[in-house]
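Chain by chain, the residues run as shown.
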Amino acid sequence: MQNVSSATITLKLQQLFSLLQKGEIKLVLKELAVLLSSVDDNADVMHLAAMAHKADGGVDKAISYFIKSLDINDSQPQVHNNLANTYKQNLELKLAEKHYKKALMLQPQYIEAAKNLGLLQLSNQDFTQAKISFEQVLCWSKNDVSALTSLGNIFKAQNNFDTAIAYYKKALTVNPTYVNALHNLGVAYRMSGEFISAIDCFKKAQAIAPNIAELDYNEANTQFDIGNYSAAEAAYWRSLHKAPDNCAVHETLNEFYWQIGKKSEFGKSFKLAIEQLPRHFPLRHAYGESLLSSGNQAQANIIVDEALKLEKTPDLLHLKGKLLAAGGDIKTAITLIESSLVKHYKLSNALDLIELLIIDFDYEKALLQIAYAEHVAPHNQLLIAHKSLCWRLTHDPRYQWLVDYEKHIQTYNIPVPKGYSSRAMFLDELEGVLLSMHQTQHEPLKQTLKFGTQTPGRLFYKPIKQIVDLKNAFEAVTLDYISSLPDDSSHPLLSRKTQQVSFAGSWSVKLKPNGFHVNHVHPEGWLSSSFYVKVPDFSLHSQPEEHAGAIKFGESSLQLKEREKIARIVTPKAGLVAIFPSYVWHGTIPFNGPDDIFRLTAPCDITPRED
């Protein structure tokens, strides 16, 4: 049906598009309703209706109109690209990829669609295909700064910081004021331990774009890394003044206060923001999580109960479930977390549900939840750890196949790097370097560490001779370990065997007397390790139990009492490296001694490198 002339429709569309660009969304939708009553077979009208509904927040209506436009004329690359963007916003990623590719098939040098496809592939960690997409853009436009920056982001995600930095610098050669490249160059410098260069990048970017809160946030994190606490605190607050609803900044600021012992300030930013934004439920949820992490369960309950009176969001229901579980009401906690997942599925929340189901002896239901979650995150090591626990507790023979405590856990003496006369000389120099990095007073809130300190940032990317020597020695030991493993294409550890590895995380831990790591796994790893730099002579002091200071394997974090089992214990000594699958439960046995003794380690996580 079309009761309006083509010329009239074209003129009307031009007028409405101009209004849409000016932000007159409600007026555009009102005018479109009149136009749509007379025109239902014009692809351009349907496209504009889709864009207007999307601008108004009506994503489902927008998708419907995009599809109507393509039903009329499927050969519209721009509509396919816009539909793909909307599917991506709606987390329908496979459909988004399909329509980006269709746009490129219709218009082979459609730069915007190629970049959007590359960004989607990057977000999916499909680094190989993302590189292809952005390199294709550079074939068409060799100085495209966003493509150069995106290639830098790919290499940064793979911990290849030198190459990432080279791409960011190339983008900045083309456009010295391109804030995205400046910002990411700063992040890459920080991750590689070049903190002064990182801060310089963030300062330059702030001068160009003073209203971007993330620039202050990353400067704050870098100032925290190097112990400039007053500068870090000021930068966190600058970030919050620009974005008071940014939960990540609030959480990090309060983590900062916790670690430096400024506990009187803990929670202050959350309280101020909630007063300003009383119906911002993510803020209330993040505040409750921070309180729970700090051990203030009573105040966390107050915050969550107040928020639930206003609205029962999935995250608030989940957190209330966690609080009930902490108080011992497991069955009600399970019911609440299940209801939160029905409203919105979230992997972290599903992992909490799986844990409670295991505690409640419901292994069958836990395994069903694990199977579903594995479609979302097939390599998540905590899922594998929970599966191993279910299999052990149900006497499933696959448990021994999954976790071989003798073959999968190996120990090595660290090779002596070139230039050192002995291992002791290397460890002595390394100890001094690491101790200089332990500047905080308390352990991080959401880590497994109790009564100790942990270094910030990525240890193995710091440009310090002893750290570089350690990283090289670690790589040699890791490759020996991988070579010793058998092949098994169905096994979650063995199926990922490769000689190309990355250090996904690396840090140092200084355990004080009575310090320990609660039992845990490393969800984002593949292999994990602990390297012992300094180990006191525990026999000189009365110890609470046998194997003080040792690392234990097999006992979970769920506190299952008589259902728990320690499968293996490794006694630490200076220079020893223990390597094991990241999904194997492990923790440490506390030790006693005078205040001046400590146990110093440099653990890391290792993942297959995707070139």
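This is a predicted model, so every value here is computed, not measured.

Close approach of charged atoms allows side chains of opposite charge to pair. Throughout the structure, instances matching the rule amount to 25 salt bridges. Notably, a salt bridge pairs K203 with E219, separated by 3.1 Å at the nearest N-O pair. Of the two residues, K203 sits in helix α12 (residues 195-208) while E219 sits in helix α13 (residues 213-225), which places them 16 residues apart along the sequence. Judged by its relative accessible area of 40%, K203 is partly exposed. In this structure, the salt-bridge partner of K465 is D469, at a minimum N-O distance of 2.8 Å. Taken together, the residues span about one helical turn, with K465 and D469 both in helix α26 (residues 465-484) at a distance of four residues. Of the residues examined, D469 reaches a relative accessible area of 14% and is grouped as buried.

All right, on to the nonpolar core then. Ranked by size, the top nonpolar core spans 148 residues in total, and within it L32, I358, L434, L470 and F531 carry the most contacts. Those residues in contact with I358, other than ones at most four positions away along the chain, are Y363, A366, H386, L389, C390, L393, L558, L560 and R563. Core analysis: the next-biggest nonpolar cluster, separate from the first, contains 21 residues, A273, A286, L317 and L336 among them.

So, about the pairing of strand β5 (residues 527-534). With respect to burial, β5 is a largely interior element, seven of its eight residues being buried. Relative to strand β8 (residues 576-581), β5 runs antiparallel, the two being bridged by five bridges. Within the sheet, the bridge partner assigned to L527 lies in β8 and is P581. In terms of strand pairing, β5 meets strand β11 (residues 604-608) through three bridges, oriented antiparallel. When the bridges of β11 are listed, S528 appears paired with D605.

Moving on: the packing of helix α14 (residues 229-242) against helix α15 (residues 247-259). Describing two packed helices takes the angle between their axes plus the distance from one axis to the other. Contact geometry of α14 with α15 gives a least axis separation of 10 Å together with a crossing angle of 155°. With respect to each other, α14 and α15 are oriented roughly antiparallel. For the crossing formed where α14 meets α15, the hand is left-handed. Together, Y229, A232, E233, Y236, W237, S239 and L240 of α14 and V249, H250, T252, L253, F256 and Y257 of α15 make up the contact between the two elements. The class makeup of the residues in the contact of α14 with α15 is nine nonpolar, three polar and one charged.

For helix α16 (residues 268-276), every residue scored as buried is listed here: S269, F270, A273 and I274. Considered in projection along α16, the buried side chains sweep an arc of 125° and stay on one side of the axis. Of the exposed residues in α16, the ones pointing more than 90 degrees away from its buried face are E275 and Q276. Close packing links the buried residues of α16 with α14, α15 and α17 (281-293).

The subject of this paragraph is the sheet that holds strand β9 (residues 586-588). If you trace the three strands from one edge of the open sheet to the other, you get β7-β6-β9, paired in antiparallel fashion. Looking at which strands have only one partner, the edges of the open sheet turn out to be β7 (568-570) and β9. Ignoring which end each strand starts from, the neighbouring axes of this sheet average 25° apart. As paired elements, strand β6 (residues 551-553) and β7 share three bridges and run antiparallel to each other. Note that in β7 the partner of K552 across the bridge is I569.

It is worth spelling out the packing of helix α11 (residues 179-191) against α12 at this point. At a closest axis distance of 7 Å, the pairing of α11 and α12 adopts a crossing angle of 160°. With respect to their mutual orientation, α11 and α12 come out roughly antiparallel. Once α11 is placed against α12, the crossing between them reads as left-handed. Across from V179, L182, H183, L185, G186, V187, Y189 and R190 in α11, the residues of α12 making contact are F195, S197, A198, C201, F202, K204, A205 and I208. Looking at the contact of α11 with α12, its residues break down into 11 nonpolar, three polar and two charged.

Looking now at the environment of I260. On the secondary structure map, I260 appears in the loop between α15 and α16. For I260, a relative accessible area of 15% corresponds to the buried category. Taking the C-alpha atoms as reference points, I260 and D162, separated by 98 residues in sequence, lie 32 Å from one another.

Another point: the environment of E429. Inspection of the secondary structure assignment puts E429 in helix α25 (residues 423-437). Looking at E429, the relative accessible area reads 29%, which means it is partly exposed. Each C-alpha atom, one on E429 and one on L316, is 48 Å from the other, the two residues being 113 residues apart in sequence. Apart from the residues within four sequence positions on either side, E429 is in contact with Y420 and Q466.

Cut-offs and rules
Residues numbered from 1 in each chain as written. Predicted model: local features only at pLDDT ≥ 70, side-chain atom pairs only at ≥ 80, totals over all residues. Heavy atoms only, no water. Salt bridge = Lys/Arg side-chain N within 4 Å of Asp/Glu carboxyl O. Helix = DSSP H or I, 4+ residues; strand = E, 2+ residues; numbered from the N terminus. Buried < 20%, exposed > 50% of the residue type's maximum accessible area, 1.4 Å probe, protein only. Core = buried A, V, L, I, M, F, W, Y, C linked by side-chain atoms within 4.5 Å. Contact = heavy atoms within 4.5 Å. Pairing = 2+ DSSP bridges. Axes fitted to C-alpha atoms, helices over the stretch in contact; angles between N-to-C directions. Parallel < 35°, antiparallel > 145°, perpendicular 65-115°, else oblique. Left-handed = near helix turned anticlockwise from the far one by under 90°. Nonpolar A, V, L, I, M, F, W, Y, C, P; charged D, E, K, R; others polar. Arc of directions from axis to C-beta.

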